[in-house]
Amino acid sequence: MAPKQVHLAAHFPGVNSTTIWNRPESGSQIDFSSFAHLARTAERGRFDFFFLAEGLRLREHRGQIFDLDVVGRPDSLTVLSALAAVTERIGLAATLNTTFNEPYELARQLASLDHLSGGRAAWNAVTSPDAFTGENFRRGGFLDPALRYERAQELIEAVQAVWDSWADDAVAADRAGGRFVRPGTVGRFVHRGDQFAIEGRSTVPRSPQRHPVQIQAGDSDAGRELAARHAEVIFSRHASYDAGQRFYADVKGRLARYGRRPEDLKIIPAAVAVLGDSAADAQERAHQNHLDQVSPQGAIAFLEQVWGTDLSAHDPDGPLPPFDPDPEGTERITRGRVRHEKDPAAVAQRWRQRAEEKQLSIRELVIEVSARETFVGTAQQVAEQIDRHVQEDAADGFILVPPLTPHGLDEFVATVVPELQDRGVFRTEYEHETLRENLGLPPVA
Amino acid sequence: MEEHGPHIHLGVALDGAGWHPAAWREPTARPGEVFDASYWIDLARTAERGVLDYVTIEDAFTLQSAHPFRPDDRTDQVRGRLDAALIAARMAPATAHLGLVPTITTTHTEPFHVGVRVASLDWVSRGRAGWRAQVQRQHDEVAQFGRRHLSDPAAAPPGPERDAVVQVLFDEAADGIEVARRLWDSWEDDAEIRDRPTGRFVDRDRLHPIDFEGRHFSVRGPSITPRSPQGQPPVVVLAHARPAFELAAGGADIVLVTPHGEDDVRSVVRQVRAAEAAVGRTGPPLLVHADLLVLLEPDADLAVAARAGLDDLDGQPLRSDAAVVTADPAGLVEVLLRWRSAGLDGFRLRPARLPADLDAIVDEVVPRLEERGVRPTAYEGQTLRGRLGLERPANRHAGAGA
């Protein structure tokens, strides 16, 4: 049997602590040239798609704008449409919030991007009901958190109704016959549900992919179920081999009940690869990345997110706080970012134990627990590991998150991609025009 | 003439296959491509070849209709359009100098998204973005969004009742422009510091919430997007009547007007100045650009015949809010020079047929204007603001940070 093919995507270094901004080679996070360089590099590496995250309110920490990570980004769809001008085949994926966007407008923008890019649009539908972000929007923050997936699911259905409102051949452009559109009411859509009741006529003809590719990142049971029903790509957190296999089996196992095949949904965890001339060299470079990612001030702020209180008097090179976290403080200390720690007291207990056993300072401990490398080694070693993860169903590929803008993928594309190609598990040329086809997803009826 | 400066500002309004409803049936039209990037890129590059200041791109959430307020079922005119802001973004890397001014409506969109989107267009175009802010009066949009009740202007009897319904939409548009402008200033230019000793990427004292509270929405801020190359991308408003003149006077940089003769130009300019006084405009006066729908042929008789042919195909005479110039290129040049002397800063030409009338503007009209010394022969400066003679404005918060 032919080996499974690896899928790769490129994540523009984001507004978070993995992005290194303090080196001489750290470029702009806002100039278009940075986006263009990374997208072109990924296209040279024949990646499936280029990915942008989203944040609709600047993050805050202890009641003030968080200033220790990269801050500031442009509108995703605007950047992707511009990138369509400087790339030819790579997919263009935007993260778009289902709570702070309305389905008709969202459908129209995504279908427009699909037309303007010749069938390369994708969207990562994220749900966020938080009142903090809502303060920037008309709807405010009144969405009941229990309804977030209900709204997300209904929004996806409403968006699809808009996309399906023009027949494939609705545009005739027949000069002699005087018919621009074929008879019949073009663009008519109706969606009625608990979250949305919309109808009208869409202005955007059926786009090249018919439906832009649907990405999701939900991890809860409800999130996985929504993904099993609608998603075509999952951007997962489970990049390690064991967790990856468990997640893969769980989600792919849910597909049959929606009449879908395992290959209809690609599972692509986020991964960080650090390369070196030797394994030791790669380890050393990973260590240097950690020092640049976790500044002394950043280490204290990281700890404050768990402790829920002001720790600025603590020495980053000293021991962890001896007292327990303030559980209420944890809820309010950080706003505008996803929190994965559900039990701060247990986390603090675990970290203190680990720090004591290994004699770690605050900064050293934070480096240990926040290290996100999935693959560290020579290009050959990293290619082998990626291949193994994919062949053994821990993933269908990876979204690479480089720590540096804009050159963070240059080396990977120059060295790991050829190794994967030599192994016969990664394309040497784009085989198709559209992202949907390049991902091996079924056509939309 | 001198009091308006040596150059006439010149923009072109792009829409579908052109502004005559039958334009798509011309042999030179490209009706099968109006949803393709290559069509729009070609138009933008043509405009850039003519050293034009900007192109606008029309937009609306509802399908085009021959009826002013209601959808129709005609199949013999262009129907359908892509998101204008995304077309503009797609054009940006494919051009180097041209101003890009998409229409983005204010009635159903999120003001925060709009402000961020225009600033982002300014980033990807390196300082060439503008925003044509437009109120939407097509009631069908209410059902497309399905989240708010709005009175239907067309259902109200003409007169004070309808005026009141419309005024609500214009007041909301004014709030939308105000939110965008505050967001554009919510980052000071030097907010990004990358200060390694303190570990700080930004100086948060140079980031400012906007705390906008209005009747229809409130927006906290600051923007997620750093201050863009132009600082404040130019805002453009098309105005036919007092509410729109006052919207422009309160928040825009350019007002597009639709006079129908030289005397009318003077009258319209007086209305603009009156609106500026009425709203207490501060800062530079509005730039006044007149919209003209133009159909050009090598001689005027041919132009008249071409227009008649299109009218026949469409089954009715061309109707337009703007004056229609059916002329040879020299004839249009005379109109532009005369009208400009009556008090205009420039023009937005609406080509009746695309690409034919855009080609004629660039190849026949622009060289004549250059000969008269009223158009630059090459682009100077980097930004759209600069091209329009607008300074890059200081940030309202500049120097306020600790």
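Heads up: the structure comes first, above all this text.
Reference entry: report on the structure contained in this document. (Residues numbered from 1 in each chain as written. Chains lettered and ligands numbered in written order. Predicted model: local features only at pLDDT ≥ 70, side-chain atom pairs only at ≥ 80, totals over all residues.)

The subject of this paragraph is the overall build of chain B. The helix and strand inventory of chain B stands at eleven helices and 13 strands. By the compact-globule yardstick of 21 Å for 402 residues, chain B fits well, its C-alpha radius of gyration being 21 Å. Counting only C-alpha atoms and orienting by the principal axes, one finds that chain B spans roughly 70 × 50 × 40 Å. Looking at chain B as a whole, 55% of its 402 residues are labelled buried. (Helix = DSSP H or I, 4+ residues; strand = E, 2+ residues; numbered from the N terminus. Rg over C-alpha atoms; globule rule 2.2 N^0.38 Å. Buried ≥ 20, exposed ≤ 12 C-beta atoms within 10 Å, placed from the backbone.)

Our focus in this paragraph is the sheet that holds strand E4 (residues 64-65) of chain A. Residue and element names in this part refer to chain A. Pairing in this open sheet of three strands is antiparallel, and the strands run E4-E3-E15 from one edge to the other. Looking along the sheet, the strands with just one partner apiece sit at the ends: E4 and strand E15 (334-335). Of the pairings in the sheet, the one linking strand E3 (residues 60-61) to E15 comprises two bridges and is antiparallel in character. Among the inter-strand pairings, glutamate 60 is bridged to a residue of E15, identified as arginine 335. (Pairing = 2+ DSSP bridges.)

Next up on the list: the interface of chain B and chain A. Bring the parts together and some accessible area is lost; that lost area is often taken as the interface size. Tallying the contact residues gives 61 residues for chain B and 65 residues for chain A. The set of elements that each furnish at least two residues to the side of chain B that touches chain A consists of helix H2 (84-91), helix H3 (111-124), helix H4 (140-145) and strand E6 (200-202) of chain B. Split into classes, the residues belonging to the side of chain B that touches chain A amount to 32 nonpolar, twelve polar and 17 charged. (Contact = placed C-beta atoms within 7 Å. Nonpolar A, V, L, I, M, F, W, Y, C, P; charged D, E, K, R; others polar.)

Ranked by size, the top nonpolar core spans 255 residues in total, and within it A:Leu92, B:Val55, B:Val237, B:Ala248 and B:Val255 carry the most contacts. Among the elements that take part in this core, helix H5 (residues 160-184) of chain B stands out by supplying nine residues, more than any other. Here B:Ala248 is in contact with B:Val237, B:Ala239, B:Val255, B:Ala275 and B:Leu286, once residues within four sequence places are set aside. (Core = buried A, V, L, I, M, F, W, Y, C linked by C-beta atoms within 7 Å.)

Note: most residues except glycine have negative phi, and most peptide bonds are trans. In this structure, the amide linkage connecting A:Thr405 to the following residue, A:Pro406, adopts the cis form with an omega of -5°. Note that A:Pro406 resides in the loop between strand E17 (397-400) and helix H14 (410-422). For the bond running from B:Leu354 to B:Pro355, omega is 0°, close enough to zero to count as cis. One can find B:Pro355 in the loop between strand E13 (346-351) and helix H10 (356-371). One non-glycine residue, A:Ala173, adopts positive backbone phi at about 45°. Note on placement: A:Ala173 falls in strand E7 (residues 171-174). The partly exposed category is assigned to A:Ala173, around which 19 C-beta atoms lie within 10 Å.

At a closest axis distance of 7 Å, the pairing of helix H2 (residues 76-86) of chain A and H2(B) adopts a crossing angle of 45°. Regarding the angle of H2(A) to H2(B), the classification is oblique. Regarding H2(A) and H2(B), the two cross each other, and that crossing is right-handed. Contacts between H2(A) and H2(B) involve A:Leu77, A:Thr78, A:Ser81, A:Ala82, A:Ala84 and A:Ala85 from the first element and B:Ala85, B:Leu86, B:Ala89 and B:Arg90 from the second. Residue classes in the contact of H2(A) with H2(B) are distributed as seven nonpolar, two polar and one charged. (Axes fitted to C-alpha atoms, helices over the stretch in contact; angles between N-to-C directions. Parallel < 35°, antiparallel > 145°, perpendicular 65-115°, else oblique. Left-handed = near helix turned anticlockwise from the far one by under 90°.)

Now for the environment of A:Ser76. Tracing the backbone through its elements, the reader meets A:Ser76 in helix H2. Not counting residues within four places of it along the chain, the set of residues in contact with A:Ser76 comprises A:Leu52, A:Glu54, A:Ala94 and A:Thr95.

All names here are of chain A. With respect to the element layout, phenylalanine 49 can be found in strand E2 (residues 49-52). Since 28 C-beta atoms lie within 10 Å of it, phenylalanine 49 is described here as buried. Residues phenylalanine 49 and alanine 121 lie 72 residues apart in sequence; the distance between their C-alpha atoms is 9.0 Å. Apart from the residues within four sequence positions on either side, phenylalanine 49 is in contact with Ala9, Ile90, Gly91, Leu92, Ala93, Ala122 and Leu435.

The next thing to look at is helix H7 (residues 241-253) of chain A. Residues and elements named next belong to chain A. With 13 residues, H7 should reach 18 Å at 1.5 Å per residue; the first-to-last C-alpha distance of 18 Å fits that figure. Restricting attention to buried positions, one finds in H7 the residues Gly244, Phe247, Tyr248, Val251 and Lys252. The buried side chains of H7 occupy one side of the element, clustering within an arc of 115° when seen end-on. Facing away from the buried surface of H7 by more than 90 degrees, the exposed residues are Asp242, Ala249 and Gly253. Buried positions along H7 lie against helix H6 (221-230), strand E12 (233-234), strand E13 (266-267) and helix H13 (379-391). (Expected span 1.5 Å × (residues − 1). Arc of directions from axis to C-beta.)

On to the pairing of strand E6 (residues 121-126) of chain A. Residues and elements named next belong to chain A. Among the six residues in E6, six count as buried, and that is most of the element. Covered by surrounding structure in E6 are Ala121, Trp123 and Ala125 together with Ala122, Asn124 and Val126, the residues of both alternating faces. Strand direction decides the pairing type here: strand E5 (residues 91-97) and E6, joined by six bridges, are parallel. The residue bridging alanine 94 from the neighbouring strand is tryptophan 123, located in E6. As paired strands, E6 and strand E11 (residues 213-216) are joined by four bridges and run parallel to one another. For alanine 125, the partnering residue across the bridge sits in E11 and is glutamine 216.

Let us look at the packing of helix H5 (residues 148-163) of chain A against H6(A). When two helices pack together, their arrangement is given by the angle between their axes and by how far apart the axes lie. Residues and elements named next belong to chain A. Contact geometry of H5 with H6 gives a least axis separation of 11 Å together with a crossing angle of 10°. Considered as vectors, H5 and H6 are oriented roughly parallel to each other. Together, Tyr149, Ala152, Gln153 and Ile156 of H5 and Ala222, Gly223, Leu226 and His230 of H6 make up the contact between the two elements.

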